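What follows is each chain in one-letter form.
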Amino acid sequence: MGVPPDIYISSPESAIDAKQFIPEGYLPIATSFYAVNGAYACLLKTAYREDHKSYSSGTVLSWFAVKWLLDMDRSAVIDFQKESDAYKFKWGRVKDTHILFQMAMPGNFRAMTEIWLEKNIIPLLRKIKQRL
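When pLDDT is averaged along the chain, the result is 75; 70% of the residues meet or exceed 70. Looking over the chain, one finds the lowest element-wise mean pLDDT in strand β3 (residues 77–79), namely 82, and the highest in strand β1 (residues 30–37), namely 88.

Attention now goes to the packing of aromatic side chains. Tallied over the entire structure, the rule returns one aromatic pair. Look at W63 and F64: their rings are 5.0 Å apart centre to centre, the planes differ by 75°, and that puts the pair in the edge-to-face class.

So, about the nonpolar core. Counting residues in hydrophobic clusters, the biggest one holds seven residues: Y34, A41, L43, A65, V66, L69 and I78. Counting only elements with at least two residues in this core, the list comes to β2 (40–48) and α1 (57–71). The greatest single-element share of this core, amounting to three residues, is contributed by α1.

On to the sheet that holds β2. Sheet architecture is open: three strands sit in the order β1-β2-β3, paired in mixed fashion. Whereas interior strands pair on both sides, the edge strands pair on one side only; in this sheet they are β1 and β3. Averaged over all pairs of adjacent strands, the angle between strand axes in this sheet comes to 25°, irrespective of strand direction. Inspection of the sheet shows β2 paired to β3 by three bridges, in the parallel sense. Each residue of the ladder has a partner; that of C42, found in β3, is D79. Each of β1, β2 and β3 touches α1; the most contacted strand, β1, lies at about 25° to it.

Conventions used here
- Residues numbered from 1 in each chain as written.
- Predicted model: local features only at pLDDT ≥ 70, side-chain atom pairs only at ≥ 80, totals over all residues.
- Heavy atoms only, no water.
- pLDDT = per-residue confidence, 0-100.
- Helix = DSSP H or I, 4+ residues; strand = E, 2+ residues; numbered from the N terminus.
- Phe/Tyr/Trp six-rings, centres within 6.5 Å; stacked < 30°, edge-to-face > 60°.
- Core = buried A, V, L, I, M, F, W, Y, C linked by side-chain atoms within 4.5 Å.
- Buried < 20%, exposed > 50% of the residue type's maximum accessible area, 1.4 Å probe, protein only.
- Pairing = 2+ DSSP bridges.
- Axes fitted to C-alpha atoms, helices over the stretch in contact; angles between N-to-C directions.
- Contact = heavy atoms within 4.5 Å.

So this is what it looks like as structure tokens:
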């Protein structure tokens, strides 16, 4: 099934616009639900059609969802529900792998500094605190 030539498909470089819409007659193949409160966004649920998994539609949708959250909602934190926050262990298995994923725009000095501090200085301070 090809894309009709009169329907514009965004590329990663395209600006995201709040006026965009899903054309009538399209079959949804992936979905992603986020809750947003101020600058905090939290991933609630993702789903995709198994018969379309070879197209990586969930991955593509996730990329555009994160781009929307950053560009349009101005989210500063996007919580993917993995990490060591206590409330996240109330569901799921205790031995799940939890990963902290952070990113920042390379041109934003404040964001890059914050990530560098969290990666390098905070662990050092924790080690010092444990030894005291």
